[in-house]
Amino acid sequence: MNEILKVSQAVKYYGNGSVVTKALNGLSFCVEKGEFVAVMGASGSGKSTLLNLISTIEPLSAGEIVIDGKSISRMKQKELAAFRRDKLGFVFQEYNLLDTLTVEENIMLPLNLQGRDYASAQAAIRGVAETLKVNDQLKKFPYELSGGQRQRVACARALIANPALVLADEPTGALDSKNSKLLMEVFALMNRSLQSTILMVTHDATVASYASRILFLRDGNIFSEIQKGDKSRREFYGEILAVTASLGGEVDVV
């Protein structure tokens, strides 16, 4: 086994004194290299907190998180910044692209932060742009693109530095159903053709059905877990709906 992510007995408290909220309650799971894992759960289940902890935005209250063999729980801020730059890729709901930079310059940003030389950066951009079919958009600015095209560019930027783990936070949240489907096909391509390891938070059952495994959270811990295996996406979608119904939380049904 080749574990990219290992979360062990993760606990996260918010507040102090008599007003304390336990957002995560001893949560543990692993993600293997090349897996595409979705995290689902109602509001307040802990899924956003979990993503914030893995992305190093917030510190754990107790427990440990290991990414690509490194314990982020024990890193100093300077180490965390370098680790986040080199090991993590991010796809956000609102794209987070810079409108003053071209598509090519946006994709190149992580390589610039690493100090990569121009020739190797150009080679990397050509490869990822061709795979994700944004090579004809490189000289445009983000405001000239559709929402679906902007998210495709955001995926290219997330992948450009070959991160150990790609984190996606409600990546289809700002897209209509047609562009959501197109984007999830890009995620499936990233996972299948580029062997990207992906952890995605979503409340949309259709979006989650593209993953290979789903973790359902409730009250800061894992309530249930299902694997796609040899099931069709339609069959997996039905299984997702069955679990979300038993959870009693909100879920988007398409």
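Keep in mind it's a predicted model, so treat the numbers as computed, not measured.

Student: When you look at the overall build of the protein chain in this model, what are you seeing that I'm missing?
Tutor: Looking only at helices and strands, one finds eight helices and ten strands in the protein chain. Taking 18 Å as the expected radius of gyration for a compact globule of 254 residues, we find that the protein chain reaches 18 Å, a close match to that expectation. Out of the 254 residues in the protein chain, the part that is buried amounts to 49%. In the protein chain, 69% of the contacts between residues at least 6 apart in sequence involve partners at least 24 apart. For the protein chain, the exposed surface amounts to about 12100 Å²; the carbon and sulfur share of it is 50%. With 29 positive and 28 negative side-chain charges, the protein chain shows a spacing of 3 Å between the two charge centroids.

Student: Can you walk me through the nonpolar core in this structure?
Tutor: One broad rule of soluble globular proteins: the nonpolar side chains tend to lie buried together. Counting 49 residues, the largest nonpolar core has Ile107, Leu132, Phe187, Met190, Ile214 and Ile240 as its most contacted members. Here the element with the most residues in this core is helix α6 (residues 177–193); it accounts for six residues. Filtering out sequence-adjacent residues up to four positions away, Met190 remains in contact with Leu132, Cys155, Leu159, Val166, Gln195, Ser196 and Ile198. The next biggest cluster of nonpolar side chains, apart from the first, holds 29 residues, and it includes Ile4, Leu5, Leu24 and Ile67.

Student: Looking at this structure, how should I read unusual backbone geometry?
Tutor: Leaving glycine out, the prevailing phi sign among residues is negative, and the prevailing peptide bond configuration is trans. Here Lys133, not a glycine, exhibits a phi torsion of approximately 60°, which is positive. Residue position: Lys133 is located in the loop between α4 (118–131) and α5 (147–159). In this structure, Glu170 takes a positive phi of about 45° despite not being glycine. Along the chain, Glu170 falls in the loop between β7 (165–169) and α6.

Student: Is there a simple way to explain the environment of Gln137 in this structure?
Tutor: Turning to its location among the elements, Gln137 is positioned in the loop between α4 and α5. Sequence spacing of Gln137 and Glu104 is 33 residues, and the spatial spacing of their C-alpha atoms is 8.1 Å. In this structure, Gln137 is in contact with Val103, Leu145 and Gln149, ignoring residues within four places of it in sequence. At a separation of 3.4 Å, a polar atom in the side chain of Gln137 contacts the side chain of Asp136.

Student: Hey, could you run me through the sheet that holds strand β2 (residues 19–32) in this one?
Tutor: Neighbouring strands of a sheet are bound in pairs by backbone hydrogen bonds; such pairs are parallel or else antiparallel. Taken together, four strands build an open sheet; the order of strands is β2-β1-β4-β5 and the sheet is antiparallel. The open sheet has two edge strands, β2 and β5 (70–71), and neither has a second partner. In this sheet, β2 lies alongside strand β1 (residues 3–16) in antiparallel orientation, the contact comprising eleven bridges. Paired with Tyr13 across the two strands is Lys22, which belongs to β2. Against the sheet, helix α1 (residues 47–54) touches β1, β2 and β4 (62–67), its axis set at about 65° to β2.

Student: Looking at this structure, I do not really get the pairing of β7. What am I missing?
Tutor: The two faces of a sheet get side chains in turn, since along a regular strand they alternate between them. Buried residues dominate β7, accounting for four of its five residues. One ladder, built from four bridges, connects strand β6 (residues 88–91) with β7; its direction is parallel. Along β7, the bridge assignment pairs Phe90 with Leu167. In this sheet, strand β8 (residues 198–201) lies alongside β7 in parallel orientation, the contact comprising four bridges. Paired with Asp169 across the strands is Val201, a residue of β8. Viewed along the sheet, the connection from β7 through α6 into β8 turns out right-handed.

Student: Any chance you could explain the sheet that holds β6 here in plain terms?
Tutor: Judged by pairing direction, the sheet is mixed, and its six strands sit side by side in the order β6-β7-β8-β3-β9-β10 without closing on themselves. Because the sheet does not close on itself, it has two edges, and the strands there are β6 and β10 (221–227). Shown here is a sheet whose adjacent strand axes are inclined to one another by a mean of 20°, direction ignored. The strands that α1 touches are β3 (36–40), β6, β7, β8 and β9 (213–218); relative to β7, the one it contacts most, it runs at about 145°.

Student: Would you mind showing me how to read the packing of helix α3 (residues 103–114) against α5 here?
Tutor: Each packed pair of helices is defined by two parameters, the angle between the axes and the distance between the axes. In contact at an axis separation of 7 Å, α3 and α5 are set at 30° when each is read in the N-to-C sense. In terms of orientation, α3 and α5 fall into the roughly parallel class. For the pair α3 and α5, the sense of crossing is right-handed. Two secondary-structure elements touch here, α3 through Val103, Asn106, Ile107 and Pro110 and α5 through Val153, Ala156 and Arg157. Broken down by class, the residue content of the contact of α3 with α5 amounts to five nonpolar, one polar and one charged.

What counts, and at which threshold
Residues numbered from 1 in each chain as written. Predicted model: local features only at pLDDT ≥ 70, side-chain atom pairs only at ≥ 80, totals over all residues. Heavy atoms only, no water. Helix = DSSP H or I, 4+ residues; strand = E, 2+ residues; numbered from the N terminus. Rg over C-alpha atoms; globule rule 2.2 N^0.38 Å. Buried < 20%, exposed > 50% of the residue type's maximum accessible area, 1.4 Å probe, protein only. Contact = heavy atoms within 4.5 Å. Areas by Shrake-Rupley, 256 points an atom, 1.4 Å probe, with all protein chains shown as cover. Lys, Arg positive; Asp, Glu negative; His and termini not counted. Charge placed at Lys NZ, Arg CZ, Asp CG, Glu CD. Core = buried A, V, L, I, M, F, W, Y, C linked by side-chain atoms within 4.5 Å. Polar contact = N/O pair within 3.5 Å; in protein donor to acceptor, adjacent residues only side chain to side chain. Pairing = 2+ DSSP bridges. Axes fitted to C-alpha atoms, helices over the stretch in contact; angles between N-to-C directions. Right-handed = clockwise from strand over helix to strand, strands pointing away. Parallel < 35°, antiparallel > 145°, perpendicular 65-115°, else oblique. Left-handed = near helix turned anticlockwise from the far one by under 90°. Nonpolar A, V, L, I, M, F, W, Y, C, P; charged D, E, K, R; others polar.

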